[in-house]
Amino acid sequence: MNPSLASFVAGLPKAELHVHQVGSASPRIVAQLAERHPGVVPSDPEALAAYFRFDDFAHFISIYLDVVKLVETAEDVRLLTYEVARDMAAQQIRYAELTVTPYLSVTPELPAEAFLEAIEDARTGAERDLGVKLRWIFDIPADFGVPAAEMTASIALDHHVPGLVGLGIGGSEDGFPRSMFVEQFDRARAYGLHSVPHAGETTGPATIWDAIENLGAERIEHGIAAAQDPDLMRYLAENDITLDVCPTSNVALKVVPDLEHHPLPTLVAAGVPVSINTDDPPMFGTDLNREYAVAADLLGLDQAGVARLARAAVDGAFVDDVYKTELRGEIDAYVAEWNATT
Ligand SMILES: O=c1[nH]cnc2c1ncn2[C@@H]1O[C@H](CO)[C@@H](O)[C@H]1O
């Protein structure tokens, strides 16, 4: 990417819709946590970079679960979440829907109430001090089955959780059809939460249809397998279902062979709404600015095209229209200022 487009991206106000809480812990944050809880995860940056090289999706999930173990106390949760927002602010990310997995974090030592209080403390602090508005998607880790779904639903629905906007599903797809969790999604949707499962990352288009037909999915995390199914792409376009795509993650987890083979251009050419995201940025050696650069490259975009990507993320966000208008206004003002001075 040319330097001018890179600096345009760096200053562009952005929203991120697909990014995992624990997967956002930067080497700086991991080092702080690993010092508190020495053992499994290396704290030295070089050793950590090696630790974050993944053989495949299953290997990634096992490492992810090890990093989850670093986040033990309410103070760990608060620190992680607030520091993630600090890294977002540095990239001009104004709004983020953070995927949080309470099933993995809530323990007898860290009860739901204390966990929820810690994320709320970070959320209000991030907005007040850093100008980053955080919202939550609570995800069911599919590998842990219906009991995990039940616990996630009860943490979400039996407590007042400010900032909670959606219910998701993460982890493996193979062997864990989305329809397994239909009861929890029915309850969550009746409660007013949005439906935003992972589908079509590690399995084919059938999982995306499953998510739409059985869970009423309003956005799909990843969803890149849709590129194999023209009827599905037409359905996504006609029904305005956004795919929250994370290109570098797909290469890092070997679900696509390399960026040249990434299906993003096929999806966009078919009119499917997409947003660009990081998934687990330090684990994949990326950040949101870099993902915008990757997308610009794949799609052959100039400044105007990149600004359209930023607006698409705002369009897909589960936040009120007043705020969306405000954020779109910020993007427009930035573009106008850029054009006036270059
Ligand atoms: O790209 C991803 N796909 C699926 N799950 C993911 C991804 N990144 C992070 N997680 C997280 O892995 C855990 C699995 O039990 C969940 O916490 C999920 O949020």
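Residues numbered from 1 in each chain as written. Predicted model: local features only at pLDDT ≥ 70, side-chain atom pairs only at ≥ 80, totals over all residues. Heavy atoms only, no water.

The protein chain goes by Adenosine deaminase in an unreviewed UniProt entry, where it is assigned to Microlunatus spumicola. A UniProt comment under Cofactor (unreviewed entry) is attached to the protein chain, and it reads "Zn(2+)". Quoted verbatim from the Sequence similarities (unreviewed entry) heading of the UniProt record, the comment on the protein chain is "Belongs to the metallo-dependent hydrolases superfamily. Adenosine and AMP deaminases family." (UniProt positions renumbered as here; feature names shortened; annotations may be inferred.)

## A short note on the sheet that holds strand S8 (residues 242-245)
Pairing within the open sheet is parallel, and its four strands lie in the order S6-S7-S8-S9. Because the sheet does not close on itself, it has two edges, and the strands there are strand S6 (198-199) and strand S9 (274-276). Judged from the three bridges that link them, strand S7 (residues 219-222) and S8 form a sheet pairing that is parallel. Bridge pairing links Glu-221 to Asp-244 in S8. (Pairing = 2+ DSSP bridges. Helix = DSSP H or I, 4+ residues; strand = E, 2+ residues; numbered from the N terminus.)

## Some details on the environment of Ala-114
Of note, Ala-114 is situated in helix H7 (residues 112-130). Of the residues examined, Ala-114 reaches a relative accessible area of 25% and is grouped as partly exposed. With 161 residues separating them along the chain, Ala-114 and Ser-275 place their C-alpha atoms 33 Å apart. (Buried < 20%, exposed > 50% of the residue type's maximum accessible area, 1.4 Å probe, protein only.)

## Considering the packing of helix H2 (residues 27-36) against helix H5 (residues 74-90)
Where H2 meets H5, the closest approach of the two axes is 10 Å, and the angle between their N-to-C directions is 165°. One way to sum up the angle between H2 and H5 is to call them roughly antiparallel. Handedness of the crossing formed by H2 with H5: right-handed. Seen from H2, the contacting residues are Arg-28, Ile-29, Gln-32, Leu-33 and Arg-36; seen from H5, they are Glu-75, Asp-76, Leu-79, Leu-80, Glu-83, Val-84, Arg-86 and Asp-87. Residue classes in the contact of H2 with H5 are distributed as five nonpolar, one polar and seven charged. (Axes fitted to C-alpha atoms, helices over the stretch in contact; angles between N-to-C directions. Parallel < 35°, antiparallel > 145°, perpendicular 65-115°, else oblique. Left-handed = near helix turned anticlockwise from the far one by under 90°. Contact = heavy atoms within 4.5 Å. Nonpolar A, V, L, I, M, F, W, Y, C, P; charged D, E, K, R; others polar.)

## Quick notes on the site of the ligand
Taken together, the neighbourhood of the ligand is formed by 16 residues, with His-20, Thr-101, Asp-139, Asp-279 and Asp-280 sitting nearest. Contact distances for the ligand include 2.8 Å between an oxygen atom and a side-chain N or O atom of His-20. Expressed as a share of its isolated accessible area of 410 Å², the protein-covered part of the ligand is 100%. Mapped onto the shell around the ligand, the elements with two or more residues apiece are helix H4 (57-68) and strand S3 (133-141). Broken down by element, the residue count for the shell around the ligand peaks at four residues, all from H4. (Near = heavy atom within 4 Å. Polar contact = N/O pair within 3.5 Å; in protein donor to acceptor, adjacent residues only side chain to side chain. Areas by Shrake-Rupley, 256 points an atom, 1.4 Å probe, with all protein chains shown as cover.)

## Structural notes on the packing of aromatic side chains
All told, the structure shown has 13 aromatic pairs when counted by the stated rule. Ring plane angle 45° and centroid distance 6.3 Å describe the contact between Phe-57 and Phe-60, whose orientation is recorded as tilted. Here the residue Phe-57 and the residue Phe-60 both occupy positions in helix H4, the gap between them amounting to three residues, near one helical turn. The pair formed by Phe-57 and Phe-60 is uniform in burial state, with each residue classed as buried. Following the ring pairs from residue to residue traces out a cluster consisting of Tyr-51, Phe-52, Phe-54, Phe-57, Phe-60, Tyr-64 and Phe-284. Positioned over the ring face of Tyr-323 is Lys-133, at 4.7 Å from the centre of the ring. Directly above the ring of Phe-318 sits Arg-219, whose terminal nitrogen or CZ lies 4.2 Å from the centroid. (Phe/Tyr/Trp six-rings, centres within 6.5 Å; stacked < 30°, edge-to-face > 60°. Lys NZ or Arg CZ within 6 Å of the ring centre and 35° of its normal.)

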